[in-house]
Every structure is written in C-alpha cells, then in structure tokens.
Amino acid sequence: MVLKNIVYRDCHILYLLFLYLQRLEIKLRTTARSDSGTVKEVVVINFHTYNSKRRLVQILSTVLTIILPFFNILRLDIPTLRFYFFNSVLWVDEFYLLFLVVMLVLFIVIIFSMMYGRIWCGWMCPQTVLSELVHWFEKKTKRWFKVPKTGGTMIRRVAAYMTLSLGVTAISFLISLNLTAYFIDPYVLISDLLHGSLGIVTAGILIGLTALMFVDILVWREKFCTNACPYGMMQMVFTDSKTQVVRYQTERSEECIECKACVRDCMMGIDIRKSAYQTECIHCGVCVDSCETILGRLKTPLPTLISFSWGEKNKQDTWYEKLGFVDAKRWIIVGVVVVYTVVLFSVIHFRQPLSLTASGDRSTLYRKAENGKIMNDYIVKISNRSMDDGVFKLGCGDVKLTHDNCILQLDENPIQLHSREVKTFKLTIATDGTDFHPGPNRLFLEAVNLNNNEIKTQAEIVFFMPEPEVKTVN
Ligand code: SF4
Ligand code: SF4
C-alpha cells in the first residue's frame, strides 16, 4: 500500500478533509498471471481517480442507509406513530417538529444541489449504487456462463439470465427489508421474519416492495434517473451559473483526440462535450477519469480535458471558494440553515420530556359518595418521553387545594414508567367541596418525576361541583 500526496495548506478542518479526499492516493497492488504466462502488476484500488473515491463514498453511504433505522437515527414508527430523529422521539402531538425536520432535510438538499449539482445522484444515491451493482453482476454472470457479446447458445443465455434474476431477487428482498425497517421496529421485523410470524400486512408490503425493486433494478436502472426521479427533475431549478458541474474545456477542444472514451464510459450514455448542463449528467466524474487515462498515456501538458468546475469560470482562489462558497448568496443561505439547524436541535433536546393529558368523563358529570364527598371521573394519559425510566407522582397542582379537599383515587400512584412508555388509566377526584364553587371549577393535575423534581408537567381539568343542597325546615 502506498500513501502519498496528502497536502495540508490550511488549518481549516473542512478544507483539510476536502484536500484529503482530493489528494489521497492509495494504491493496493497485486500481481496477476496473464494467459501468455507473464506476471504483471494490477492496481486493485487507486484512490487517485474519482471513481475510486466515489466507490468509497458509495460504500459508506450504503452502510449508513442500512444502519440508520437500527439506531433510531431516522425512522418513522408507523405502529406507534412516533418519529425517531437522532435517538430523540417525536410523538404524534409533536408532529409540527417532524414538519420542521422535513424542512431541514429539504433545505440541505437545496443547498447541496445549488452548490454541488447532482453530486448526490452520482456519489450517494442508492438507485445509482444498485444500478451499478447489477451492471457488474450482469457482466459476471455472462462471464461465468461464457456468454459472448453477440450470438452464443440459448441455454447459456438463459442460465446467465436466471442467475442474474435470482441475485436481483435476493438484493431486492434485502432492500425492501431495509426500507420497511424505516417504518417498523427493525429488531421486531427481523425477529418476526426469522420466526415466521410476520403479520399479513407486513408480509404483503415486503412482497410488493421486493417486486417493485426487482423491476426497478433489473429493468429501469438509469432510465428511472432520467425519466422519473423527482429530485433529478427539481435539480435544474436549484442550479445557477456558479453550481459545480462536470465540464469539457471547450477552449482546449483542439487537444481532443476523438477517442470517445468519455462517451463510452458514461453510464448515462451522454457526451459531456456537448454541454456541461445536460440533465442526464449525474456528476459522477467517470468521464474525467477516462479522459485523464487516455491523455495521460499521450503525456499531454494538461492531463484531462474534462474536469469538475464551479460553473464555467472555475474560480478557486481561497479555501472557501474551493469548498463551493463562491458568492455571498451561498454564505447567507448556509448561515441561515446552520442557525435553523441549531435552533431545531435545541428545541428537540430541551422540549418537555413528560406529557400528561386528562379528559373528564361527562357521561356521569359527578357522583356523590356516602360520606358526602363529590367525585368526578377522568381518563388520564401519561407518557415518559425521556430516554430514562422514571417514577411519577400525580397530584393536584393548585396551591389553594390541599390533600384533604382534592383526593386522587387511582390504582397506582406514584406511577412507574419506562423510557418512552405510555400509560392510560382511570382517575377519580373526590372533594368535600372546600374552596370549590358550584358549577365548573378549573384545576391543574400535576405529574412530577420523583427522581428529578425539575421534570414535571400539568394538565388543566374541569371539576364539576353541584349546587349545595338546600335543607328544608318543616
Ligand atoms: S457525463 Fe461524465 S460526469 Fe456526467 S454522468 Fe456521464 S460520466 Fe458521469
Ligand atoms: S476522452 Fe478526452 S480525448 Fe477522448 S474524446 Fe473524450 S474529451 Fe476527447
């Protein structure tokens, strides 16, 4: 393994990272014996090329996509209607936060597209990863069954296609399992699958998604990117004259030897020499590598005619311009989104970790006990939204009320709640009437965490007090 060309020109951490990815060259070499018997050196991984760096990013983003739901980093749990975001739980009555999270994702997508173009499509999008994976597998199956480019026996072709279809079915099933895990607890899903106890709806979803993915990666592949992908279509709206593009240097066009390697190697089947702004281009950089390889052999003064460039001008004087901050508009938008992100994470982190709701049972309005106390019934719901278990004491939150004139009757008080647990129960409040007036009385029901008195919350309830009985004197 050879490590070289790691250049540090500035102490800025992002710039260092950028340089690291731009300059890192790792060559893993091995030897191979050719048919003629000569032993030659083969470069297995060469991080000097965009394609190798892209493969690394694709592997990392694929691993991330697989593990996100397992660690509750991003998951909408449909059975409990809870949204998990960086291990915080947003509940159904906090879905305004979910809206703000979706807005954040949208802002990031817009900024990313505006600055770096369709880099997502070429470097991270699962659709591209799968299309390339299936192309690679297709070539392998043809080689295994010795299927020539043209002609060949039918039996060999059918065997290669059957093997390809089996492989694609397995991949499609794994993808649909991963997709479903974003909406159902992944540990429960896998356990149910292994024990053969999947529900009919979940099983139907898995089968449907597998079928859809099968068609997508076996038949559609890149056609989906150019004809159906909404992100690809939106892309053109976000780009401007300073967005990063893959550009053929028209000013050096006389150096082009018309080898067409850039066209042959483009998975989207386009000729980048026609324009840097073709909607099909996913900014993968493969054509840059192709041209560099060809012109490198010819030892031309400048190694490639195609390059990544900030718009047509490719101005990169300072470290921040090299990161894509080429005008004030980008600084302002990124600044606003950074502030938005900090505020959103603060709101999620510091929001109330305890929820209490109570609704009165108005079918009876009130009851009168034998000892003369007036009673009202309620249905109470308490949820521990924190990451810790807790013991919660329920009481009357009004200072004017004492334990004697606001007696809470319920099965369990204090209430034990595990992290993220919800309990719903019946509560009766009984009073002798002191400090209550006839008709509706507004009170506060209070829940306090006995392990941490600062975690408490209140719910307003209405207690109905009847008119005092008038004693008649005969
Ligand atoms: S033109 Fe170049 S960068 Fe664009 S998709 Fe084709 S190979 Fe990738
Ligand atoms: S790879 Fe380079 S030299 Fe060959 S056709 Fe494309 S731009 Fe011209």
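Remarks on the overall build of the protein chain
Then, in step 1: The helix and strand tally for the protein chain stands at 14 helices and 17 strands.
Then, in step 2: Per-residue burial for the protein chain yields a buried fraction of 21% across its 474 residues.
Then, in step 3: Sequence separation of 24 or more characterises 63% of the internal contacts of the protein chain that already satisfy a separation of 6 or more.

Some words on the site of ligand 2
Then, in step 1: Of all residues adjacent to ligand 2, which total 13 residues, the nearest are Cys-256, Cys-259, Ala-261, Cys-262 and Cys-291.
Then, in step 2: Taken together, the elements giving at least two residues each to the shell around ligand 2 come down to helix H11 (261-265) and helix H12 (286-298).
Then, in step 3: At three residues, H12 tops the list of elements feeding residues into the shell around ligand 2.
Then, in step 4: Within the shell around ligand 2, the residues separate by chemical class into nine nonpolar, one polar and three charged.

Things to note about the site of ligand 1
Then, in step 1: Ligand 1 sits among 13 residues. The nearest are Cys-266, Ile-272, Cys-281, Cys-284 and Cys-287.
Then, in step 2: Classifying every residue of the shell around ligand 1 by side-chain character gives ten nonpolar, three polar and no charged.

Some points on the sheet that holds strand E6 (residues 88-90)
Then, in step 1: Reading across from one edge, E4-E5-E6 is the order of the three strands in this open sheet, with antiparallel pairing throughout. Two strands lie at the open edges of the sheet, namely strand E4 (74-77) and E6, each paired on one side alone. Strand-to-strand twist in this sheet, taken as the mean axis angle between neighbours without regard to direction, amounts to 20°.
Then, in step 2: Relative to strand E5 (residues 82-85), E4 runs antiparallel, the two being bridged by four bridges.

Focus on the pairing of strand E16 (residues 439-449)
Then, in step 1: Pairing of strand E12 (residues 390-396) with E16, which is carried by five bridges, proceeds in the antiparallel orientation. In the sheet register, Cys-396 faces E16, and the bridge partner there is Leu-445.
Then, in step 2: As defined by bridge partners, E16 adjoins strand E17 (residues 456-465) across ten bridges and the pair is classed as antiparallel. When the sheet's bridge partners are listed, Val-448 is paired in E17 with Lys-456.
Then, in step 3: What sits between the antiparallel neighbours E16 and E17 is a turn of six residues.

Some points on helix H8 (residues 200-220)
Then, in step 1: Over its 21 residues, H8 runs 29 Å from end to end, which matches the ideal 30 Å to within 8%, given 1.5 Å per residue.
Then, in step 2: Burial in H8 covers these residues: Met-213, Asp-216 and Ile-217. Buried positions in H8, seen along its axis, are confined to an arc of 75° and lie on one side of it. For H8, exposure combined with an orientation more than 90 degrees from the buried face picks out Ile-200, Gly-204, Ile-207, Gly-208, Val-215 and Val-219.
Then, in step 3: Check the buried side of H8 and you find it contacts helix H5 (126-144), helix H6 (154-180) and helix H9 (222-227).

Section: the nonpolar core
Then, in step 1: Core analysis: the biggest nonpolar cluster contains 28 residues, and Val-246, Ile-272, Cys-287, Val-288, Cys-291 and Ile-306 have the highest contact counts within it.
Then, in step 2: Of all the secondary-structure elements, those providing two or more residues to this core are helix H4 (119-123), H5, H6, H8, strand E7 (244-248) and H12.
Then, in step 3: Broken down by element, the residue count for this core peaks at five residues, all from H12.
Then, in step 4: Apart from the residues within four sequence positions on either side, Cys-291 is in contact with Ala-261, Cys-262, Thr-304, Leu-305 and Ile-306.

Examining the environment of Asn-452
Then, in step 1: Within the fold, Asn-452 resides in the loop between E16 and E17.
Then, in step 2: It is 9.5 Å that separates the C-alpha atoms of Asn-452 and Phe-392, two residues lying 60 residues apart in sequence.

What to know about the packing of helix H3 (residues 95-116) against helix H14 (residues 328-350)
Then, in step 1: Where H3 meets H14, the closest approach of the two axes is 11 Å, and the angle between their N-to-C directions is 155°. On the basis of the axis angle, H3 is roughly antiparallel to H14. Both H3 and H14 take part in a crossing whose hand is left-handed. Of the residues in H14, those touching H3 at Leu-97, Leu-100, Leu-104, Phe-107, Ile-108, Ile-111 and Met-115 are Arg-330, Ile-333, Val-334, Val-337, Tyr-340, Thr-341, Leu-344, Val-347 and Ile-348.
Then, in step 2: Residues belonging to the contact of H3 with H14 are distributed by class as follows: 14 nonpolar, one polar and one charged.

Focus on the confidence of the model for the protein chain
Predicted coordinates in areas of low pLDDT are best not read in detail.
Then, in step 1: Taken over all residues, the pLDDT of the protein chain has a mean of 84, while the share at 70 or more is 86%.
Then, in step 2: Taken as a whole, residues 1-16 scores under 50 in pLDDT and shows 22 contacts with residues more than four places along the chain or in a different chain.

Quick notes on the sheet that holds E17
Then, in step 1: The antiparallel open sheet is built from four strands, whose spatial order is E14-E12-E16-E17. A single partner strand is all that each edge strand has here, and the edge strands are strand E14 (415-417) and E17. On average, each strand axis in the sheet is inclined to that of its neighbour by 30°, with strand direction left out of account.

Focus: the packing of H6 against H8
Then, in step 1: Across the interface, H6 lies against H8 with an axial gap of 8 Å and an inter-helix angle of 130°. Comparing the axis directions of H6 and H8 gives the class oblique. Between H6 and H8 lies a crossing whose hand is right-handed. For the pair H6 and H8, contact is made by Ser-165, Val-168, Thr-169, Ile-171, Ser-172, Phe-173, Ile-175, Ser-176, Leu-177, Leu-179 and Thr-180 and by Thr-202, Ile-205, Leu-206, Leu-209, Thr-210, Met-213, Phe-214, Ile-217 and Leu-218, respectively.

Reading guide: rules and limits
Residues numbered from 1 in each chain as written. Chains lettered and ligands numbered in written order. Predicted model: local features only at pLDDT ≥ 70, side-chain atom pairs only at ≥ 80, totals over all residues. Helix = DSSP H or I, 4+ residues; strand = E, 2+ residues; numbered from the N terminus. Buried ≥ 20, exposed ≤ 12 C-beta atoms within 10 Å, placed from the backbone. Contact = placed C-beta atoms within 7 Å. Near = placed C-beta within 6 Å. Nonpolar A, V, L, I, M, F, W, Y, C, P; charged D, E, K, R; others polar. Pairing = 2+ DSSP bridges. Axes fitted to C-alpha atoms, helices over the stretch in contact; angles between N-to-C directions. Expected span 1.5 Å × (residues − 1). Arc of directions from axis to C-beta. Core = buried A, V, L, I, M, F, W, Y, C linked by C-beta atoms within 7 Å. Parallel < 35°, antiparallel > 145°, perpendicular 65-115°, else oblique. Left-handed = near helix turned anticlockwise from the far one by under 90°. pLDDT = per-residue confidence, 0-100.

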